[in-house]
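Examining the three-dimensional arrangement
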Amino acid sequence: MFFKKEIMKEITDKQGAFGTSSWKEFGASVSFDDTCRGIVRSVSGEIRRFERRGVADLFSLVTYEPGFLRGASVADKVIGRGAALLLVKGGVRQVYARVISSGALGVLCRAGIEVSFGEEVANIINRAGTDICPVEKLTACTESPDEAYLMIKEFLKGKKVKG
């Protein structure tokens, strides 16, 4: 797997085992960087850390450990529409995004997922800053998490990303 399974000292220190602050406060305090792009906390309290860009780690989790996301809490640096549809497919309970697209926010709200965020943007922009994120564009035409999953699977195959 491409995500970390260890409980991270930084997370436990900042949040006090997730019992002393809201998920929004916790998510806002996470130091997202090149080694930590997102964090998932399962209902049992196990933590996973996303390290790869885009939706690759989330896709891997949905594919290989779908039960892990059921009822989980997620804090992520950027959540676009594709990631939101994967989160719905996974059955997460609550999400914090530092940046979230309007499309992603709509998907999560319609699914009844508790959402908090730092900044809402019209669309997630690609890494080059020249266009809309390819996964955001790819999933713009669907409301179905299952359909989005298949679209993202083909997209990642084309990029040669294991998932």
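What you see is a predicted model; the values in this text were computed from it and never measured.

The rules behind the values
- Residues numbered from 1 in each chain as written.
- Predicted model: local features only at pLDDT ≥ 70, side-chain atom pairs only at ≥ 80, totals over all residues.
- Heavy atoms only, no water.
- Phe/Tyr/Trp six-rings, centres within 6.5 Å; stacked < 30°, edge-to-face > 60°.
- Helix = DSSP H or I, 4+ residues; strand = E, 2+ residues; numbered from the N terminus.
- Lys NZ or Arg CZ within 6 Å of the ring centre and 35° of its normal.
- Axes fitted to C-alpha atoms, helices over the stretch in contact; angles between N-to-C directions.
- Parallel < 35°, antiparallel > 145°, perpendicular 65-115°, else oblique.
- Left-handed = near helix turned anticlockwise from the far one by under 90°.
- Contact = heavy atoms within 4.5 Å.
- 1 Å grid on protein atoms, 1.4 Å probe; cavity = no way out; pocket = protein on both sides within 12 Å on 5 of 7 lines; lining within 4 Å.
- Points joined across faces, edges and corners; volume = space filled by probe spheres on them.
- Nonpolar A, V, L, I, M, F, W, Y, C, P; charged D, E, K, R; others polar.

1. What about the packing of aromatic side chains?
Within the structure shown, the criterion is met by one aromatic pair. Taking the centre distance of 4.8 Å and the plane angle of 15° together, the rings of Phe 59 and Tyr 149 count as stacked. One end of the pair, Phe 59, is in helix 3 (residues 56-64); the other, Tyr 149, is in helix 8 (residues 145-158), with 90 residues separating them in the sequence. The ring of Phe 68 carries Arg 48 above its face, with NZ or CZ at 4.1 Å from the centroid. For Lys 89, the ring lying beneath its charged end belongs to Tyr 149, and the centroid distance is 5.2 Å.

2. A short note on the packing of helix 5 (residues 81-90) against helix 6 (residues 102-110)
Taken N-terminus to C-terminus, the directions of helix 5 and helix 6 make an angle of 15°; their axes are 8 Å apart at the nearest point. Judged by the inter-axis angle, helix 5 sits roughly parallel to helix 6. The handedness of the crossing between helix 5 and helix 6 comes out as right-handed. Contact residues: helix 5 offers Arg 81, Ala 84, Leu 85, Leu 87 and Val 88, while helix 6 offers Gly 103, Ala 104, Val 107, Leu 108 and Arg 110.

3. Description of the layout of surface pockets
A volume near 770 Å³ is recorded for the largest pocket. Looking at the largest pocket, it is lined by 30 residues, and the ones nearest its centre are Arg 53, Gly 54, Val 55, Arg 127 and Cys 133. Of all elements in the fold, only helix 3, strand 3 (73-79), helix 5, helix 7 (134-138) and helix 8 reach the threshold of two or more residues within the lining of the largest pocket. For the lining of the largest pocket, the leading source of residues is strand 3, giving four residues. Residue classes in the lining of the largest pocket are distributed as 15 nonpolar, four polar and 11 charged.

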